[in-house]
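# An overview of the molecular structure
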Amino acid sequence: MLRRHERRLFDAIEQRLSSEDPEFSRRMTRSHLLTRVLAWLTLARALGAVAAFLALIALLLGEGAAFLIAGVLAAVLFACSGRRVRSE
């Protein structure tokens, strides 16, 4: 999280850029769906999605143990994907 004076400095820079070059400002603030998805996607979330997919395949094939293992792995990966380590 930024400090209050840093946030004010960034806001002032943003306003100056918007007034000097509105086209550049518009391009930088616009985001595409693919860009948002890629920003959300981390390694843990991607592995969690793969594990969830494998759990569904195991369920369809009738492999109970494989379903449980893949399901637990997917749950752990999704639960850990939001945690971040801070070093201050």
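Residues numbered from 1 in each chain as written. Predicted model: local features only at pLDDT ≥ 70, side-chain atom pairs only at ≥ 80, totals over all residues. Heavy atoms only, no water.

### Some words on the overall build of the protein
The following threshold applies: A helix here means a DSSP run of H or I that spans at least four residues, while a strand means a run of E at least two residues long, and both kinds are numbered starting from the N terminus. With a 1.4 Å probe rolled over the protein chains alone, any residue whose accessible area is under 20% of its type maximum counts as buried; one over 50% counts as exposed, and the rest are partly exposed.
A count of helical and extended segments in the protein gives 5 helices and 0 strands. Reading the helices (α) and strands (β) of the protein from amino to carboxyl end gives α-α-α-α-α. Buried positions account for 11% of the 88 residues belonging to the protein.

### A short note on the pattern of salt bridges
The line we're drawing: We define a salt bridge as a side-chain nitrogen of Lys or Arg found within 4 Å of a carboxyl oxygen belonging to Asp or Glu.
All chains considered together, the criterion is met by 3 salt bridges. Residue Asp11 is joined to Arg7 by a salt bridge in which the shortest nitrogen-to-oxygen separation is 2.8 Å. With Asp11 and Arg7 both in helix 1 (residues 4-20) and 4 residues apart, the pair spans about one turn of that helix. When the shortest N-O distance is used, the salt bridge between Glu20 and Arg16 registers 3.7 Å. Separated by 4 residues within a single helix, Glu20 and Arg16 lie in helix 1, roughly one turn from each other.

### Digging into the packing of helix 4 (residues 43-61) against helix 5 (residues 64-80)
Put simply, the rule is: For helices, the fitted line uses only the C-alpha atoms of the stretch in contact; every axis is such a line through C-alpha atoms, and the angle between N-to-C directions lies from 0 to 180 degrees. Oblique is the label for any angle not covered by the other classes, which are roughly parallel (under 35 degrees), roughly antiparallel (over 145) and roughly perpendicular (65 to 115). Crossing handedness is read from the near helix: turned anticlockwise from the far helix by less than a right angle, it gives a left-handed crossing, and turned clockwise, a right-handed one. Contacts are assigned to residue pairs with any non-hydrogen atoms lying within 4.5 Å of each other.
For the pair helix 4 and helix 5, the least separation of the axes is 8 Å and the interaxial angle reads 160°. Considered as vectors, helix 4 and helix 5 are oriented roughly antiparallel to each other. As helix 4 runs across helix 5, the sense of the crossing is left-handed. When helix 4 is examined against helix 5, the residues Ala44, Arg45, Leu47, Gly48, Ala49, Ala51, Ala52, Leu54, Ala55, Ala58 and Leu59 are found in contact with a partner set consisting of Ala66, Phe67, Ala70, Gly71, Leu73, Ala74, Leu77 and Phe78.

### Some details on the environment of Leu43
Mapped onto the secondary structure, Leu43 falls in helix 4. Put simply, Leu43 and Leu77 are 34 residues apart on the chain and 9.1 Å apart in space, counted from C-alpha to C-alpha.

### Digging into the environment of Ala46
By the element assignment, Ala46 lies in helix 4. Along the chain, Ala46 and Leu77 lie 31 residues apart, while their C-alpha atoms are 8.8 Å from each other.

### Re the confidence of the model for the protein
Which entries qualify depends on this criterion: As a per-residue measure, pLDDT reflects the predictor's confidence and takes values from 0 up to 100.
The pLDDT averaged across the protein works out to 80; a share of 89% of its residues lies at or above 70. Put simply, helix 3 (residues 33-40) is where the protein has its lowest mean pLDDT, 74, and helix 1 is where it has its highest, 88.

### A look at a nonpolar patch on the surface
How we decide: Patch definition: residues above 30% relative accessible area lacking any salt bridge, with like charges linked at up to 9 Å and the nonpolar side chains Val, Leu, Ile, Met, Phe, Trp and Tyr linked at up to 5 Å. Only the protein chains shown count as covering a residue, and every accessible area follows the Shrake-Rupley method with a 1.4 Å probe.
Together, Leu2, Phe10, Ile13, Leu17, Phe24 and Met28 make up an exposed nonpolar region whose accessible area comes to about 540 Å². Mapped onto the nonpolar patch, the elements with two or more residues apiece are helix 1 and helix 2 (22-29). As for its placement among the helices and strands, Ile13 is situated in helix 1. When its relative accessible area of 38% is taken as the criterion, Ile13 is described as partly exposed.

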